[in-house]
Structure formats: structure tokens, C-alpha cells
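Observations on chain architecture
Spelled out, the chains give:
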Amino acid sequence: MTETQKFDVIIIGAGPAGMTTAIYAARSNLKVLLLDRGIYGGQMNNTAAVENYPGYVSILGPDLAQKMYEGVKKFQVDYRYGTVNRVEIQGINKEVITDEGNFIAPALVVATGAEHRKIGIPGEDEYSGRGVSYCAVCDGNFFKDEDIVVIGGGDSAVQEGTYLANLGRSVTIIHRRDQLRAQKILQEQAFANSKINFVWNADVQTIVGDGNAVSGVTYQDKVTKELKKVPAKGVFIYVGVVPLTEAFQNLGILDENGWILSDPVTMATKIPGIYGIGDARKKDLRQIANAVGEGATAGNEVFNYLQTLTIRSDK
């Protein structure tokens, strides 16, 4: 049996929140493990232009992720891939059980983020990767000079719709309400773009195609009750996010919807030594800037917490 490896702090999730925590903890001379089941950067890798992060007028999400990761490497953080199955409490220690082995530390930071919610309509799964996408920067290039549909009305839908308008022949944003929920500046950019059209008060019914690729979207007009179709080669879905916190259900630190409940000042959960940060937290604003702030707070709080303990992992 592989020996459980010991650390001062284990950070689960290598998005902006997790990477910032890792940098702060490592600079405090702590033995840090940063775990993620995928590539570092989290949702930044699915973001086109980032225009509201200090220091950059505009930067691609994947490029910002790479720059943050360079800081992680500089401070020699132990970064590994692995899917977390569960966490067990053992006195002051928290044991993280993964598909790549077990790790233990007195401090644990959960920064697992969230993922795009699916609509759950016919054709969504069938055409996933064949016209249906949740990432404009990943897949938008496949639909150059084509008609594109974006489903949603929040920041992501409008921002990514504007990005897609630079690639496609046209973009139709379909929203179930009669007005957008996105930030005003994003709305103004979309309304000013002649290639972007809007369909209001619409319930999307199906994503249709020829069995190999998408050909359009059908929806019901909530006012007239008519069924209509919008032709499209690409369908991009932005209808909200769900937290990636299944592995922590046994800890009692989540609300009924799976969001982490942590103190807004210290990021601490009700379990001493466990902190919740980033997009997986229950909060109103999910942006890179406040994820980084929460990561900095968590890194400092972890150091302070460990100073109260008499047991530290071997260096």
C-alpha cells in the first residue's frame, strides 16, 4: 500500500483562487500540495477576453492562467493531477483520498470552482462536441463565417456572444426573459454590434441536426406560444453554474445546493483548518479578481492557523 504523503496544507483546485493560496502559503515556507483533476486555470481557460482584471487592459483567459501558474512554479509548489473522491477528518488532520493516492495535512483549502449548467433538452448531449459547446474561446474558431446561437442572458452569454460575433456570420442570443442580466457595459457592447441579434421570452425546446452536426435550435415564444426555429451551425450554452463540491458532502460545510459555506472575512468553514474559496463558495460575485483576493486571505489564514498547532508535517 502506498504511504499517505504529508503536507502542511492541501489545496484542491488550481484556478485563480487555488493558485493564489498556493503562492501565499509557499512564500510562508509551508509544505504545499496543489491538486487538480485538470489543467491549471479553471474557468479562465474557457474565457475569451478578460478586461476587468487589474494590470491588463485585455488578456486571454488561458494566457492569464499561464502567468499565474508561473508564480506557482517559482515558489516550487508541489502540483499534481488527481480526482478527489472524499475527505476524512482524523483529529486535527484532513486526509484527502484521490485516485492517485492519499494525502494528509492539518490544513485544507477547497477551491474546486464550478462548471457550466446544462439545459437538459433533446440534442444537447447528442451534439456535444459536434456543434454544442460551453466554451467560445475553445470552439468558436470552428464556426467562422457561420450562424451561431448563444443561449443565456448573463455576463458569460453576452460576453462570449460578442466574442463569437468576431468569428461568425451572425450571432443570435436567445434569452428566456425580456431583458438581459449581464453587466451594463457588456449589454451596450452587444447591442452596438450589428452581427448580434436577440430573441426574447423564449423557451429553448430542442437542438436539432442531421445526426452528425447541429443545424439549429427550436424554441417556444412564451408570449405567442408559437414554435420557431433559428438556423445555426454552433450552439453555445451559458445558463448558470453548479459547484464542483460532491467530494465534500460528508463534511457538513455545504448548503443545500452544494455551495461551500465559509466566513466572508477569513474564508474559514465550521471545521477548524478547512477553508472554502473561489467560485465554489456561496456568494454573489464570481470573478477572477475576488477569487484571487480570497486565495490571498486563505493563504494567510492557513499560516496563522498552523501557528496555533504543535504538530507540523515533516519538511
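Residues numbered from 1 in each chain as written. Predicted model: local features only at pLDDT ≥ 70, side-chain atom pairs only at ≥ 80, totals over all residues. Heavy atoms only, no water.

A look at the overall build of the chain
Rule in force here: Runs of E in the DSSP output that reach at least two residues are strands. Runs of H or I that reach at least four are helices, and both are numbered from the N terminus. Atoms considered for the radius of gyration are the C-alpha atoms alone. The globule rule reads 2.2 Å times the number of residues to the power 0.38. Partly exposed describes any residue whose relative accessible area lies between the buried limit of under 20% and the exposed limit of over 50%, with all areas from a 1.4 Å probe on protein chains only and scaled to the type maximum. Two residues qualify as a contact provided that any one of their heavy atoms is within 4.5 Å of a heavy atom in the partner residue. By the counting scheme adopted, Arg and Lys are positive, Glu and Asp are negative, and His together with the chain ends is not counted. To locate a charge, take NZ of a lysine, CZ of an arginine, CG of an aspartate or CD of a glutamate.
Scanning the chain for helices and strands turns up 6 helices and 21 strands. Computed over C-alpha atoms, the radius of gyration of the chain comes to 21 Å, within 12% of the 20 Å expected from 2.2 N^0.38 for 315 residues, which places it in the range of a compact globule. C-alpha atoms of the chain, sized along the principal axes, occupy 70 × 40 × 30 Å. When burial is assessed residue by residue, the chain has 51% of its 315 residues classed as buried. Counting contacts in the chain only where the partners sit at least 6 residues apart, residues at least 24 apart contribute 59% of the total. Looking at charge distribution, the chain has the averaged site of its 32 positive side-chain charges lying 2 Å from that of its 36 negative ones.

Brief notes about the sheet that holds strand β16 (residues 202–209)
Note the threshold: Criterion used throughout: strands pair if DSSP finds at least two bridges between them. Axes here refer to lines fitted to C-alpha atoms; in helices the fit is confined to the stretch in contact. Angles between the N-to-C directions go from 0 to 180 degrees.
The sheet built from 3 strands is open, its strands ordered β16-β17-β18 with antiparallel pairing. For this open sheet the edge positions go to β16 and β18 (227–231), each flanked by a neighbour on one side alone. The mean angle between the axes of side-by-side strands here comes to 25 degrees, regardless of whether they run parallel or antiparallel. Relative to strand β17 (residues 214–221), β16 runs antiparallel, the two being bridged by 7 bridges. Following the sheet pairing, G209 is matched in β17 by V214.

Brief notes about helix α5 (residues 184–191)
Turn by turn, an α-helix covers 3.6 residues, leaving residues three or four places apart pointing in a common direction. The condition that has to hold: Arc definition: directions from the helix axis to the C-beta atoms.
Taken together, the buried positions of α5 are L186, Q187 and A190. Viewed end-on, α5 has its buried residues packed into an arc of 100 degrees, placing them on one side of the element. Along α5, the residues that are exposed and aim more than 90 degrees away from the buried face are K184 and I185. Close packing links the buried residues of α5 with α4 (155–165) and β15 (196–199).

Considering the sheet that holds strand β1 (residues 5–6)
Sheet architecture is open: 4 strands sit in the order β1-β9-β8-β7, paired in mixed fashion. On the outer flanks of this sheet lie β1 and β7 (84–90), each paired with one strand and no other. Strand direction decides the pairing type here: β7 and strand β8 (residues 93–98), joined by 6 bridges, are antiparallel. Within the sheet, the bridge partner assigned to V84 lies in β8 and is T98.

Notes on the packing of helix α1 (residues 16–27) against helix α2 (residues 61–74)
The condition is simple: Working rule for angles: under 35 degrees goes down as roughly parallel, over 145 as roughly antiparallel, 65 to 115 as roughly perpendicular, anything else as oblique. Handedness of a crossing is defined here by the sense of rotation of the near helix relative to the far one, left-handed for an anticlockwise turn of less than a right angle and right-handed for a clockwise turn. Note on residue categories: nonpolar means Ala, Val, Leu, Ile, Met, Phe, Trp, Tyr, Cys or Pro, charged means Asp, Glu, Lys or Arg, and polar means any other residue, Gly included.
At their nearest, the axes of α1 and α2 sit 9 Å apart, and the two run at 25 degrees to each other. Classified by the angle between their axes, α1 and α2 sit roughly parallel to one another. Along this stretch, α1 crosses α2, giving a crossing that reads as left-handed. In this structure, α1 uses P16, M19 and I23 to contact α2, whose residues at the interface are A65, M68, Y69, G71 and V72. Grouping the amino acids of the contact of α1 with α2 by side-chain chemistry returns 7 nonpolar, 1 polar and no charged.

Structural notes on the pattern of salt bridges
We count it as follows: Each salt bridge in this description consists of a side-chain nitrogen of Lys or Arg and a carboxyl oxygen of Asp or Glu lying within 4 Å of one another.
Throughout the structure, instances matching the rule amount to 8 salt bridges. Across the pair E88 and R86 runs a salt bridge whose closest N-O atoms are separated by 2.8 Å. Exposure remark for E88: the relative accessible area of 30% places this residue in the partly exposed category. Close ionic contact of K282 with D255 constitutes a salt bridge, the shortest N to O distance being 3.6 Å. Here the residue K282 occupies a position in the loop between β21 (274–276) and α6 (288–307), and D255 occupies one in the loop between β20 (241–243) and β21, the gap between them amounting to 27 residues. Through salt bridges with shared partners, a single network forms among R281, K283 and E294.

A few points about a positive patch on the surface
Let me state the cut-off plainly: In this scheme, patches are assembled from residues that exceed 30% relative accessible area and form no salt bridge. Like charges are connected within 9 Å, while nonpolar side chains (Val, Leu, Ile, Met, Phe, Trp, Tyr) are connected within 5 Å. Using a 1.4 Å probe, accessible areas were evaluated by the Shrake-Rupley method; residue-level cover was limited to the displayed protein chains.
On the surface, R176, R177, R181, K222 and K225 cluster together into a patch of positive charge. Checked against the element boundaries, K225 lands in the loop between β17 and β18. The exposure class of K225 is exposed, given its relative accessible area of 54%.

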